[in-house]
Amino acid sequence: MADKKTNYSADNITALEGLEAVRLRPGMYIGSTDEKGLHHLVYEVLDNSIDEHMAGYCSHINLYVNEDNSISVTDNGRGIPTGMHQKLQKSALEVVMTVLHAGGKFDKQTYQVSGGLHGVGVSCVNALSMHLKAEVHREGKVFVQEYSKGIPQTSVDVVGETDKSGTTITFLPDDSIFSDTVYSYETLSKRLRELSYLNKGLHLSITDHRQIDEEGNSVHETFYSEGGLLEFVEHIDLQSGREVLVRPPVHVTGEQENVIVEVAFQYNKSYRENIRSYVNNINTVEGGTHVNGFRRAITHVLKKYGDSKELFSKAKVKNQ
Ligand code: 0RA
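Residues numbered from 1 in each chain as written. Predicted model: local features only at pLDDT ≥ 70, side-chain atom pairs only at ≥ 80, totals over all residues. Heavy atoms only, no water.

Visitor: So what's going on with the side chain of Ser 184? Which residues, and what values?
Guide: Counting through the fold element by element, Ser 184 comes out in the loop between strand S9 (166-173) and helix H6 (185-198). Separated by 2.9 Å, the side chains of Ser 184 and Thr 187 make a polar contact. If sequence neighbours within four positions are ignored, Ser 184 has contacts with Glu 35 and His 39. (Helix = DSSP H or I, 4+ residues; strand = E, 2+ residues; numbered from the N terminus. Polar contact = N/O pair within 3.5 Å; in protein donor to acceptor, adjacent residues only side chain to side chain. Contact = heavy atoms within 4.5 Å.)

Written out as structure tokens, the structure reads:
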């Protein structure tokens with residue numbers, strides 16, 4: 001058996017190599033290094049907090065765009081574990097933040113998973129940040145660790161006491177990697193609104209410290225949906241001004257083999273269908289078997305009903 005010391009340094013090298021790979025080919029991990037990739041960093045961090053909501057432990061997630069275009073995401077979940085990771089002999093927090101694919105959760109058996117576009121985890125965000133600070137409130141203590149380009153600059157330090165639990169991640173994207181380092185309020189708030197409909201019962205907020213209103217307050221919005229998808233469908237028709245024919249939207253949900261499926265739809269006076277599909281909070285713009293399945297099912301049901309009532313044969317006679 002190899003001794004502990006050798007293993008420890010070997011693990012360290014692996015972690016560094018992983019982060020170096022991310023910095024060498026960021027596109028492979030976050031899609032691109034343009035404005036899209038820049039925003040993807042935020043979505044990746046949000047994902048971890050949303051997972052915590054899906055697990056039933058987090059009700060509030062706040063996003064802050066700071067004056068220097070750094071981002072803070074806070075949640076009131078259980079907090080990233082800070083205890084010793086037995087195998088790697090370092091704080092679990094450091095493992096989550098620095099080991100590629102360690103991810104937010106150590107076991108992904110839980111069936112609800114909010115996936116980032118590439119689902120690469122917060123360590124990628126860390127690797128691509130000039131500076132990142134993780135602050136965890138857990139078990140009565142406040143833990144902090146700071147990193148630069150993914151490399152720890154401090155140990156996991158206890159900096160105070162707390163009666164709350166949760167995680168705050170603050171990061172400044174590396175301007176030697178990203179062609180654009182200015183966050184778009186519109187893009188971020190649009191995503192938060194969407195996430196609130198996709199995750200009913202979750203309170204989300206955005207605060208932009210770069211934009212101060214007449215009263216001296218930072219621009220701020222909150223998003224919350226009690227009805228989830230049903231309200232999303234109502235919102236989409238309301239926003240586009242399309243006249244709704246049947247209220248409220250049809251809303252169906254079911255679960256099979258640990259896969260939860262939810263559908264909401266309504267008819268309006270337009271002749272164009274407008275389908276939006278998501279898998280694990282991600283907009284599947286090219287559709288997929290989930291969308292095809294829905295189409296088949298609704299066509300089947302309407303045809304069966306129409307046939308049984310002889311609606312189609314009657315309609316045909318009328319048209320001749
Ligand atoms: C692993 C295990 C547990 C929580 C988390 C990760 C966690 C990660 C993130 C990332 C952002 N916010 C987060 N909140 C929680 C559960 C540990 C336990 O049993 O208490």
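Visitor: With reference to specific residues and values, describe helix H7 (residues 229-240).
Guide: Helix length check: H7 (twelve residues) gives 17 Å between terminal C-alpha atoms against 16 Å at 1.5 Å per residue, within 8%. Residues of H7 that are buried: Leu 229, Leu 230, Phe 232, Val 233, His 235, Ile 236 and Asp 237. Residues of H7 that are buried sit in contact with H6, strand S12 (250-256), strand S13 (259-265) and strand S14 (278-279). Positioned one or two residues after H7, Gly 241 has a phi angle of 75°, which is positive. (Expected span 1.5 Å × (residues − 1). Buried < 20%, exposed > 50% of the residue type's maximum accessible area, 1.4 Å probe, protein only.)

Visitor: Give a description of the pattern of salt bridges that names residues and reports values.
Guide: The final tally for this structure, using the stated rule, is eleven salt bridges. Glu 52 is the partner of Arg 78 in a salt bridge, and the nearest nitrogen-oxygen pair spans 2.7 Å. Note that Arg 78 is positioned in the loop between strand S2 (71-75) and strand S3 (84-85) and Glu 52 in helix H3 (residues 35-54), a separation of 26 residues in sequence. Assessed through its relative accessible area of 8%, Glu 52 is described here as buried. Close ionic contact of Glu 262 with Lys 200 constitutes a salt bridge, the shortest N to O distance being 3.7 Å. Here the residue Glu 262 occupies a position in strand S13, and Lys 200 occupies one in the loop between H6 and strand S10 (203-212), the gap between them amounting to 62 residues. (Salt bridge = Lys/Arg side-chain N within 4 Å of Asp/Glu carboxyl O.)

Visitor: Describe the nonpolar core, and please don't skip the residues or the numbers.
Guide: Among soluble globular proteins, nonpolar side chains are generally buried collectively. Formed by 47 residues in total, the largest nonpolar core has its most connected members in Val 42, Ile 71, Met 97, Phe 171, Tyr 183 and Leu 188. Element by element, the count of residues in this core is highest for H3, at eight residues. Counting residues in hydrophobic clusters, the runner-up holds eight residues, among them Tyr 197, Leu 198, Ile 236 and Tyr 278. (Core = buried A, V, L, I, M, F, W, Y, C linked by side-chain atoms within 4.5 Å.)

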